[in-house]
Amino acid sequence: MSKNARKLEWCSPKLTAKRKCLDKKRINAVLQTENLFWPEDDEDSFFTASKVNYVINNKINTHSLEKNDTNLLCSQMTMGAHQEITLFGTQQNSLKLSNFKEDTFFSKSVLDTVMTEYEEIVETKNDSCLPDNCHDDKSVLTVSAVEKLISYSPLELFTSINQNSMTDKTPLEDTALLNVESSNNFHQGRADESIFNTINLHSEQKTESQKQLKFDDTIFANINIEDLTIDEDKELFVENIQDDAGVQNSQRFLDDVAIFKVPHAPAPISCKAGQKIKVPQRDNFVSGSQYTVHSHLSNITSIANLSRLDWDSQAFSDKIENDFPSKGAFFGLPDKVKRMIFEYKGIQSLYEWQEECLNLPAIHERRNLIYALPTSGGKTLVAEILMLREVLCREKDVLFILPYVSIVQEKVSAMSPFAIAMNFIVDEYTAGKGKCPPMKRRKRKSIFIASIEKGAVLIDSLIEAQRADEIGLIVVDELHLIGEKGRGATLEALLTKIMFIDVNIQIVGMSATIGNLEEVSSFLKADVYTRSFRPVELREFIKCGNDILEINTAGKTLDEVFVYSRNVNFNYSESLSRSDPDHLAGLVAECAPEHCVLVFCPSRKNCENVALLLSRILPKKFVQHRKREKEDLMDALDKVCGVLGDVLAKTIPYGIAYHHSGLTIDERKFIETAYRFGVLSVICCTSTLAAGVNLPAKRVIIRAPYVGSEFMTLCRYKQMVGRAGRAGMGEAGESFLITTSRDNIRVGEMLFSPMDKAITSLDYEDCIGLQSLVLSAIGLEIANCRTDLYRLVGCTLLSVQANQLGLSTEQMVLKLIREMFKHKVLELCASVASKKDIPDILTTQDVQNVSSRTSHEHRRLFISKSTRFQLTNIGRAAFKAGIDYKHAFAIHAELKLAQKQLILTNYAHLLYLVVSFNSNAKGDELFPAEAGILYRVYMSLDDTTQALFKLLGFTEAVAVKMAKTMSVQGPLELKLNRLYKVLVLIDILNVLPLHVVASRYKVERGMLQTLINQSTAAASAIVRLCEQLDAFWCFKSLFERISAKLDRCGTMELEPLLDLPAVKINRAKQLYSAGFKTIEDIAKCKPIDLVRLVEHMPMKISKEIISAAKIILMKKLDYLEEEAEALKMCLT
């Protein structure tokens, strides 16, 4: 049987007579494999399917599995130290057997096969091998019983006979085989692999001082890093961070940070219901629940210490009646939704704070709300319940704004099963995806899940179509991004327009890191709820040389805040100490491979170097851990993603990988999946993972307090350490910040500073953000005079912060209006327009200065506060394209020039215009051109593509000069950098494998995907721009085709499959080869069919793809039904 065919025998006729402990009713439950609502934390893994097939194909050969596989089976059965796990359920989480995936190693099919093949052996043993509770009515088979049964069946089923285990003690006498120590007995013949012989992370008997992780650190004494080759040494330590400021230790750190004053916690506050609250200045450590209504904020200097309020005395302690239709007892939702949420999330109840938050007055009365909790507190579940309630109970559409495309796609997949079951639509709005305005549906409501930029375009289209009231709720994740330069202005403008039009849309924002909640809540006119809840404890440490200090947030003095914990050196050899002075390998080995570790690094290159370093230092024990599954992972990266990178090929065997934007989306997804299953135990990553991906860890190590070349802020630090200690990952999480003596003062400043404030960026770079807001407001006709614009800008966060920033919003608006009239972006409305050209404007505020002017001056236009104006064609084009008017003029000039001699023999000239849309002053955004590669590729181009180079001034003389100097600098630098990207895109459109293109042009694969996404969005924006300019009517269809080609990057037959979210070219080829050629083929198949027929297809991904296909068909059905209704109305 083929390794990857995954054709498992689900029901054997021999089972029921031979397995007395199994409940017949529960046996049938495993056949419910098509259920779309598996608990998220029990998702299956393609990494284990090969193990199952291997066992079946070799008929459980006594040497077919590695010694380590017994530990794999046992570790998957172990889910927590405080739970009695059974084969068919757990007392805490109530996970049924059907919740275990059909292709996981611990599944019914595996145990069935084991017991069937060795039924004679099992029959000969006394029933006493099973505990008493296996003979009752529930017929549960506990972990201990499974271990006993497997142990009583020859242990060579899962491992070769271990001579050390052949003692007089029978297997049945030991019922605690799940201890971590048991895993250390499989390789006692190898001295360099037994490093975890004293680790017991789940022991409850140890005192607080004994809970510190310990291991045999003699393993590092024998490692000689000098044995590396010269090439390997250069590869590893190119970015080794040296501390040139002196020897680092705990005393040096304490001396350096002694200049900072420890903040003191104010006394508890109590207030009566309805009483206005005045709160003292905040500190950094918030605890307890806190809530403030917006009407009280004007009397509060700071709201962060509302945690010390008496919760029972709050105004919302009395039950408030909902003002929306209720369809059930679960916050107004049907009971079916509650069951689905609990089953899908694998939970039995909500956290206390979630119950509190969902019963706030802001929720009952539909007021705007901001809720802020630490990372991992469960904020997203509250948002999902609110969105489902809005769609199902109030029957209004919802907009969910997320910061990154990857998170948007992940959330679309997560919500699709609910949409199918509850009959609503989930729409993805990213780059080229999502229709604006969306189709108006009568029967089904929609949840629009969008990136910040595409969400803004969607809202503008609804306002313009006078359909904004179809939206009932807007949820914003990571609300603190409103202070980010560039994207923050887009988000602020979106929320400002929603509040300005006032069509009863509720805004709910959530974040873990906002330092000025009072200002943001004043901007949104929102109530505020915060709580310092974490499902598990987080212990924060600072590593100063060999000393480790623990951060005690309750300390009142410096010595109480930074408490000495221990001294470490891990018995490093001399050469190893030089190579790994920060003891990264030792810190990792304390926790991994049994538990997961995240290592945050300052740069992408440093991520790869640290991963390589760890793979050289860590012992061979790491190679044996989940070895076969790691081989499957490498096979999947090679076949599905197209290539297994050199670095990953070296590090994955040790359970180590890196994660940054240089990897493709598919590569990152495989790595994330492997990490969640414990196949990978260490990921070296950049800071973007902390905000963009939900990957929890037992331990977080911050390699250096830098993000790129910038020093880390408290917001970034909290996001990173917040990944440690998620629910279900043990009693506590740990974080280690590694510092050098040169950074001590800055680390102290960061730790004692308040949380980062969200500062408006509407005034950033000559007020581009404010200009876009004014432009869109005039274009949407929600503000078309100075009075309206003043009122609009008064609704912004800029207005709230204007005084402290020393700005005058009225003067800023007035200056923008003048500039727009001067550049002919604005014009007077037809009823008041002057018949002559207007070179400048003069407002009524300047009338007093008119008398001093001579009659020879140019005529001036007088505009009062009520004078109405509108956008010109170029102004409307800029507004539609979502760009500033200066950029619009530049694009207009490019299109005008290209129109005279457009080359349409291939896509090159159109791609050049697309690249120009996102180009900076030098054209080197994302990556610059390599002169040698550009020359070599140019010489191999066909005549039609070379014609574009010659049209842009790239002659043979220029080519020869570039080849000699090996530089693109000069008068043609901008055009050459653009042409370099054009050549990259041509190869991609020709369906050249991404890794081949990356190698050819020396660009990271992830950067190529970013280029594709940016180019897709640019092509869509040019289409919208051309729609407003009659002179460019011919470009519209051309760029629509370019946008579609870039979005899919595949052949014609694969294009339907590429409409599915997260399905890229390689996965589409797999589906097509397996016989799934259309969306309809995908929608009508069963998840298990995809798993069996498509290589490396996990059940979770299979269900997500099928759900997405059904959503697409639901949208097509809606369109046809709406069209049929319109035709019926015409005939009546």
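Residues numbered from 1 in each chain as written. Predicted model: local features only at pLDDT ≥ 70, side-chain atom pairs only at ≥ 80, totals over all residues. Heavy atoms only, no water.

K.L.:
Could you give an account of the overall build of the protein, naming the residues involved and the relevant values?
P.N.:
Assigned secondary structure in the protein consists of 46 helices and 22 strands. The buried share of the protein, taken over its 1132 residues, is 57%. Restricting to contacts in the protein with at least 6 residues of sequence separation, those with at least 24 account for 74%. A total of about 47,200 Å² of accessible surface is found on the protein, and carbon and sulfur atoms cover 50% of it. (Helix = DSSP H or I, 4+ residues; strand = E, 2+ residues; numbered from the N terminus. Buried < 20%, exposed > 50% of the residue type's maximum accessible area, 1.4 Å probe, protein only. Contact = heavy atoms within 4.5 Å. Areas by Shrake-Rupley, 256 points an atom, 1.4 Å probe, with all protein chains shown as cover.)

K.L.:
Could you give an account of the pairing of strand S13 (residues 656-659), naming the residues involved and the relevant values?
P.N.:
Covered by surrounding structure in S13 are Ile656 and Tyr658 together with Ala657 and His659, the residues of both alternating faces. Bridge analysis of S13 against strand S14 (residues 682-685) gives 4 bridges, and the strand direction is parallel. Across the sheet, Ala657 pairs through a bridge with Ile683, a residue of S14. Following the chain from S13 across helix H25 (residues 665-676) to the adjacent parallel S14, one finds a crossover that is right-handed. (Pairing = 2+ DSSP bridges. Right-handed = clockwise from strand over helix to strand, strands pointing away.)

K.L.:
Residue-level account of the sheet that holds strand S18 (residues 732-739), with values.
P.N.:
The mixed open sheet is built from 8 strands, whose spatial order is S11-S10-S9-S18-S15-S12-S14-S13. Either end of the sheet is taken by a strand with one partner, and the two such strands are strand S11 (562-567) and S13. Here the average twist between neighbouring strands, direction ignored, is 25 degrees. (Axes fitted to C-alpha atoms, helices over the stretch in contact; angles between N-to-C directions.)

K.L.:
Can you explain the packing of helix H29 (residues 764-779) against helix H32 (residues 809-822)? Please cite residues and give values.
P.N.:
Their axes nearest at 11 Å, the elements H29 and H32 cross at an angle of 70 degrees. Judged on the interaxial angle alone, H32 and H29 are roughly perpendicular. Each of Cys767, Leu770, Gln771, Val774 and Leu775 in H29 lies in contact with H32, whose residues at this interface are Met812, Leu816 and Met820. By residue class, the composition of the contact of H29 with H32 is 7 nonpolar, 1 polar and no charged. (Parallel < 35°, antiparallel > 145°, perpendicular 65-115°, else oblique. Nonpolar A, V, L, I, M, F, W, Y, C, P; charged D, E, K, R; others polar.)

K.L.:
Which residues make up unusual backbone geometry, and what values do they have?
P.N.:
A cis amide bond links Cys436 to the next residue, Pro437, at an omega of -10 degrees. Its place among the elements puts Pro437 in the loop between strand S4 (425-429) and strand S5 (446-451). A cis geometry characterises the amide bond from Ala592 onward to Pro593, with omega recorded as 0 degrees. One non-glycine residue with positive phi stands out, namely Glu781, at about 60 degrees. For Glu781, a relative accessible area of 62% translates into the label exposed. Unusually for a residue other than glycine, Leu926 sits at a positive phi of about 70 degrees.

K.L.:
Tell me about the pattern of salt bridges, and please be specific about residues and values.
P.N.:
Evaluated as defined, the whole model comprises 45 salt bridges. Across the salt bridge formed by Glu484 and Arg487, the nearest N and O atoms sit 4.0 Å from each other. On the basis of relative accessibility, which here comes to 30%, the residue Glu484 falls in the partly exposed class. By relative accessible area, Arg487 is classed as buried at 18%. In this structure, Arg703 engages Asp582 in a salt bridge whose closest nitrogen and oxygen atoms are separated by 2.7 Å. Residue Arg703 is located in the loop between strand S15 (699-702) and strand S16 (706-707), and its partner Asp582 is located in the loop between helix H19 (574-579) and helix H20 (584-589); the two are separated by 121 residues in the primary sequence. Asp582 sits in the buried class, given a relative accessible area of 14%. Within the structure, one salt-bridge network assembled from shared partners comprises Arg566, Glu590, Arg699 and Glu734. (Salt bridge = Lys/Arg side-chain N within 4 Å of Asp/Glu carboxyl O.)

K.L.:
Tell me about the nonpolar core, and please be specific about residues and values.
P.N.:
Counting 137 residues, the largest nonpolar core has Leu495, Leu524 and Leu770 as its most contacted members. The dominant element in this core, judged by the number of residues it contributes, is helix H41 (residues 1005-1027), at 11 residues. With near-sequence residues (within four places) excluded, Leu495 lies in contact with Val476, Leu479, Ile482, Ile507, Phe523 and Leu524. Grouped together as the second largest cluster of nonpolar side chains are 92 residues, Ile542, Cys607, Ala611 and Ala724 included. (Core = buried A, V, L, I, M, F, W, Y, C linked by side-chain atoms within 4.5 Å.)

K.L.:
Tell me about the packing of aromatic side chains, and please be specific about residues and values.
P.N.:
Scanning the model with the defined rule gives 21 aromatic pairs in all. Between Phe330 and Phe331 the ring centres are 5.1 Å apart and the planes differ by 65 degrees, which places this aromatic pair in the edge-to-face class. In this structure an aromatic cluster arises from ring pairing among Phe253, Phe260, Phe562 and Phe752. Sitting over the ring of Phe927, Lys981 keeps its end group 4.9 Å from the ring centre. (Phe/Tyr/Trp six-rings, centres within 6.5 Å; stacked < 30°, edge-to-face > 60°. Lys NZ or Arg CZ within 6 Å of the ring centre and 35° of its normal.)

K.L.:
Quick rundown of helix H10 (residues 335-345)? Include the residues and the values.
P.N.:
An α-helical turn contains 3.6 residues, so any two residues separated by three or four positions project in the same direction. Every buried residue of H10 is listed here: Val337, Met340, Ile341, Phe342 and Tyr344. Elements that come into contact with the buried residues of H10 comprise helix H13 (379-392) and helix H14 (405-422). Of the residues flanking the end of H10, it is Gly346, one or two places downstream, whose phi is positive at about 70 degrees.

K.L.:
So what about helix H35 (residues 908-917)? Which residues, and what values?
P.N.:
For H35, the tally of buried residues reaches 10 of 10 residues, placing the bulk of the element in the interior. Buried residues of H35: Ala908, His909, Leu910, Leu911, Tyr912, Leu913, Val914, Val915, Ser916 and Phe917, and no others. The inward-facing, buried residues of H35 contact helix H33 (873-881), helix H34 (885-900), helix H37 (943-951), helix H39 (973-989), H41 and helix H42 (1033-1048).

K.L.:
Please provide a residue-by-residue account of the environment of Ile385, values included.
P.N.:
Secondary-structure assignment places Ile385 in helix H13. Ile385 gets classed as buried once you look at its relative accessible area, which sits at 2%. C-alpha of Ile385 to C-alpha of Lys338: the two residues are 47 residues apart in sequence and 9.2 Å apart in space. Look past the residues within four positions of Ile385 in its chain and what remains in contact with it is Phe330, Phe331, Leu333, Ile341, Leu350 and Leu358.

K.L.:
Tell me about the pairing of strand S8 (residues 527-531), and please be specific about residues and values.
P.N.:
Extensive coverage of S8 is indicated by the burial of 5 of its 5 residues. Alternating positions in S8 separate into two faces, Asp527, Tyr529 and Arg531 on one and Val528 and Thr530 on the other, with burial throughout. Two elements, strand S2 (residues 369-372) and S8, share 4 bridges in a ladder whose sense is parallel. Residue Tyr371 lies in a different strand from S8, and its bridge partner there is Tyr529.

K.L.:
Lay out the packing of H35 against H37 with the relevant residues and their values.
P.N.:
To characterise two packed helices, one gives the angle between the axes of the helices and the distance between these axes. One way to put it is that H35 packs onto H37 with a least axis distance of 9 Å and a crossing angle of 45 degrees. The angle between H35 and H37 places the two elements in the oblique class. Between H35 and H37, the residues in contact are Ala908, His909 and Tyr912 and Thr945, Leu948 and Leu951, respectively. Partitioning the contact of H35 with H37 into residue classes produces 4 nonpolar, 2 polar and no charged.

K.L.:
Residue-level account of the confidence of the model for the protein, with values.
P.N.:
For the protein, mean pLDDT is 75; residues scoring 70 or higher make up 70% of the total. Considering only residues more than four positions removed or in separate chains, one finds that residues 1-214, a stretch of pLDDT under 50, has 381 contacts. In the model, residues 229-240 has pLDDT below 50 throughout and makes 24 contacts with residues more than four positions away in sequence or in other chains. (pLDDT = per-residue confidence, 0-100.)

K.L.:
Describe the side chain of Lys411, listing the residues and the values that go with them.
P.N.:
Tracing the backbone shows Lys411 in helix H14. Residues contacting Lys411, with those up to four places away along its chain left out, are Thr380, Glu384, Phe400, Leu402 and Ile449.

K.L.:
Tell me about the state of the cysteines, residues and numbers included.
P.N.:
Overall, the coordinates contain 0 disulfides when judged by the stated rule. This cysteine, Cys607, is not joined by any disulfide, and Cys601 carries the nearest cysteine sulfur, 4.2 Å off. Owing to a relative accessible area of 0%, Cys607 belongs among the buried residues under this scheme. (Disulfide = S-S within 2.5 Å.)

K.L.:
Would you mind going over the side chain of Ser511 in detail, with residue names and values included?
P.N.:
Tracing the chain through its elements places Ser511 in strand S7 (residues 506-511). Using a relative accessible area of 2% as the deciding quantity, one classes Ser511 as buried. Engagement of the side chain of Ser511 in a polar contact is seen with the backbone nitrogen of Thr513, the distance being 3.1 Å. (Polar contact = N/O pair within 3.5 Å; in protein donor to acceptor, adjacent residues only side chain to side chain.)

K.L.:
I'd like a description of the environment of Pro1061, backed by residues and values.
P.N.:
In this structure, Pro1061 sits in the loop between H42 and helix H43 (1065-1073). A C-alpha to C-alpha distance of 9.0 Å links Pro1061 and Glu1104, two positions 43 residues apart in sequence. Setting aside its immediate chain neighbours within four residues, Pro1061 contacts Glu428, Lys433 and Ala1108.

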